[in-house]
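What follows is each chain in one-letter form.
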Amino acid sequence: MGSYEEIFRSSVEDREGFWLGAADAVDWTTPPTTALDETNPPFYRWFPDGELNVSYNALDRHVEAGNGDRAALIYDSPVTDTKRTYSYAQLRDEVAAFAGVLRDLGVGVGDRVVIYMPMVPEAAIAMLACARLGAVHSVVFGGFAAKELAVRIDDATPTVIVSASCGIEGKRVIEYKPLLDEAIGLATHKPDTQVILQRPQAQAAMGGNDVDWASAVADASPADPVAVKATDPLYILYTSGTTGKPKGVVRDCGGYAVALAWSMPNVYDVGPGQTIFTASDVGWVVGHSYIVYAPLLVGATTVLYEGKPVGTPDAGQFWRVMSEYGVRSMFTAPTAFRALKKEDPHGEYAKRYDLSGLEYLFLAGERLDPETYRWASELLGIPVIDHWWQTETGWPIVADPAGIELLPIKPGSPTKPLPGWDIRILDGDGRPVPPGEDGAIVAKLPLPPGAFPTLWNDDERFLSSYMSAFEGYYLTGDGGRIDSDGYVFVMGRTDDVINVAGHRLSTGGMEEVLASHPDVAECAVIGVADAMKGQVPRGFVVLKAGIDASAEGYEDALRAELVAMVRNQVGAVASLKEVAIVGGLPKTRSGKILRKTMRGIADGTDEAVPSTIDDASVLDTLRPVLRKE
Ligand code: COA
Ligand code: AMP
């Protein structure tokens, strides 16, 4: 192996050779002879003549190599007081059995299956069972409300939905089945069948199209892996864009498997028999890639943890898990560490556990603030590695490649581009900016394997959202800079996407909900800085003319109603707790709401009034509300 610089250079100078070499880490039923199909840019396709099965690669091949007894997945759930370890052989058998259930329900190659589940092993089993059949899963995060689930059902048009009777949030049991039933009621598309995992904490009432997970599995005969084209979709993962309609990020099979298999030893420094603990949720890309697929593809052990870092039962659970299972690399979002720091500022819980096996802490999903970086580094005394990526990219764009060599850390930078990522900083006219200056972060096309080939059923939006701002470049939606040492700094989104506790949300989607209230004339939602969650949304509404807001209790009732509407229609995860009723919103002369200006004033980072403002007095009136004076 070489240095980071050598490896990165070889990925640029011999792109095809580099990725065909990386493809050797995967077992193919038909090995690819061509790395990249470039005939229809920007719709690039990796390994166009290769065929494989991702579930076979994640499970069967390790069993066939004699490693069936090795731990594949450890389920650790302090909220239900459960611990369960699946060996590779056991997980393969469970996945094959559930694939048999899906097959008997009519699921075949290319059919969609929506998975709406809490953090239980059956969520991973359902994902891998789809992959086994060549079906396309679409996991929807459990914190989204019925309406959001319905939108995804209508877009993905699944044959089957897999769900559970409930999820557990701290001490609260959240029933999923009523949400699922409501979503199916709202959706135009009706799935043929729902498979429901009954959990002991709540029994779901079963309807005519509902099938009980346990009985179905008991009756099923196992299904074998089905080889599919490398370019076939493995999953759709919806993510927030600037409007309320989520984007269905498509992931292919071959490129993704190759990229993930490359990233495990080279970025996360985790190999066969070693353990990674990714504290996220299978509903997010981090969960797809580094709880489920990547660790299993390389024969490592993955921890699937159900619970929060703090709360039930205490703030020691992450440390317990790391010590109990000999975790080598831990991966989570900075917000989880901010929660730990708040609860246990001196790290007393961490001192109770033997963390000698822990080599690295990886953080991503939002900006890593220097204070959290410092706290985690001092507490653990190991490299704390910030890295930057997105749902669209499937694996890290920029990281400190710990498995190759540890580059010196500069706090505030996720470090340098990984192989295949040709990252540039452009100004508004598409010109490169000098080192150290801010601009739009873009990636020169083609993107490497693992990145999304398109949006589900929406090539047009793929082009308009990502590929048309600067010809030949992917627009990441993040702004930032590259310094003279080649370190990338990611400063934040340049669009209306916000990051709340590491969860990507659309302010546009929340605005659509607020605007639907009959008393609201117009509104704005902005993401403001929050010490714990990084950002939280704040809403501002202007009432329709003629609404009498002076009636006793009217304003309080309206605010509560608007907060409840967002919670019920987007989901609890939106975390919109504050809505202010205001006289007007600042706009440009062409009528565009000045959200960025509002954000700058609310955060106290930028008080400047843009020259394009239509009526500065509106902003003057709003300023104390924004500053909460
Ligand atoms: N099902 C139902 N409700 C859910 C949910 C789920 N899967 N996930 C979250 N929610 C609810 C929460 O219970 C909370 O409800 P509340 O307003 O009634 O308290 C709300 O959605 C907001 O959730 P969250 O933003 O996660 O806040 P929290 O206070 O519950 O937890 C953290 C905060 C920081 C501890 C938690 O977000 C965390 O551990 N995050 C880091 C890991 C991570 O998930 N990263 C994402 C990608 S890497
Ligand atoms: P998601 O698609 O949910 O993974 O969110 C992706 C977005 O999260 C990115 O576009 C960034 O805005 C933000 N993000 C992720 N990782 C980082 C990081 N290490 N530093 C700064 N922002 C990040």
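Calculation criteria
- Residues numbered from 1 in each chain as written.
- Chains lettered and ligands numbered in written order.
- Predicted model: local features only at pLDDT ≥ 70, side-chain atom pairs only at ≥ 80, totals over all residues.
- Heavy atoms only, no water.
- Pairing = 2+ DSSP bridges.
- Helix = DSSP H or I, 4+ residues; strand = E, 2+ residues; numbered from the N terminus.
- Axes fitted to C-alpha atoms, helices over the stretch in contact; angles between N-to-C directions.
- Phe/Tyr/Trp six-rings, centres within 6.5 Å; stacked < 30°, edge-to-face > 60°.
- Buried < 20%, exposed > 50% of the residue type's maximum accessible area, 1.4 Å probe, protein only.
- Lys NZ or Arg CZ within 6 Å of the ring centre and 35° of its normal.
- Disulfide = S-S within 2.5 Å.
- Near = heavy atom within 4 Å.
- Areas by Shrake-Rupley, 256 points an atom, 1.4 Å probe, with all protein chains shown as cover.
- Nonpolar A, V, L, I, M, F, W, Y, C, P; charged D, E, K, R; others polar.
- Domains from an automatic or database assignment.
- Polar contact = N/O pair within 3.5 Å; in protein donor to acceptor, adjacent residues only side chain to side chain.

**Details of the sheet that holds strand β23 (residues 423–426)**
Spatially, β23-β24-β25-β26 is the arrangement adopted by the four strands of the open sheet, whose pairing is antiparallel. Since the sheet does not close on itself, it has two edges, and those belong to β23 and β26 (488–493), each with one partner. Neighbouring strand axes in the sheet, compared pairwise and without regard to direction, differ in orientation by 50° on average. For β23 and strand β24 (residues 439–444), the ladder comprises four bridges, and the chain directions are antiparallel.

**Re the packing of aromatic side chains**
Here the structure, examined in full by the defined rule, presents 36 aromatic pairs. Seen in terms of ring centroids, Phe452 and Phe462 are 5.1 Å apart; in terms of plane orientation they differ by 75°. Their pairing is edge-to-face. With Phe452 in the loop between β24 and α15 (459–467) and Phe462 in helix α15, this pair connects stretches of sequence that are 10 residues apart. Here Phe452 and Phe462 have matching classes, each one buried. Put simply, the rings of Phe18, Trp19, Trp28, Trp46, Phe47, Trp262, Trp395 and Trp421 touch in pairs and so form one group of aromatic residues. Positioned over the ring face of Phe144 is Arg152, at 4.6 Å from the centre of the ring. Above the plane of the ring of Phe489 lies Arg481, whose end atom (NZ or CZ) is 5.1 Å from the centre.

**Here's the deal with the state of the cysteines**
Applying the stated rule across the entire model yields zero disulfides. For Cys130, which is in no disulfide, the shortest distance to another cysteine sulfur is to Cys253 and amounts to 11 Å. The class of Cys130 is buried, set by a relative accessible area of 0%. You can call Cys253 buried: its relative accessible area is 4%.

**Focus: the site of ligand 1**
Near ligand 1 you find 25 residues, and of these Glu169, Arg172, Lys308, Arg567 and Lys577 are the closest. Within the complex, 83% of the 930 Å² of free accessible area of ligand 1 lies under protein. Considering only residue class, the shell around ligand 1 consists of 11 nonpolar, eight polar and six charged. The residues that make up the shell around ligand 1 include at least three from each of domain 1 (4–307 + 387–480) and domain 2 (501–627).

**Brief notes about the site of ligand 2**
Around ligand 2, 15 residues are found, and the nearest of them are His387, Thr391, Asp478, Arg493 and Arg504. Within the contact set of ligand 2, a nitrogen atom lies 3.4 Å away from a backbone nitrogen or oxygen of Glu366. Surface burial for ligand 2 is 95%, taken as the share of its 490 Å² of free accessible area covered by protein chains. Of the residues contributing to the shell around ligand 2, the split by class is four nonpolar, five polar and six charged.

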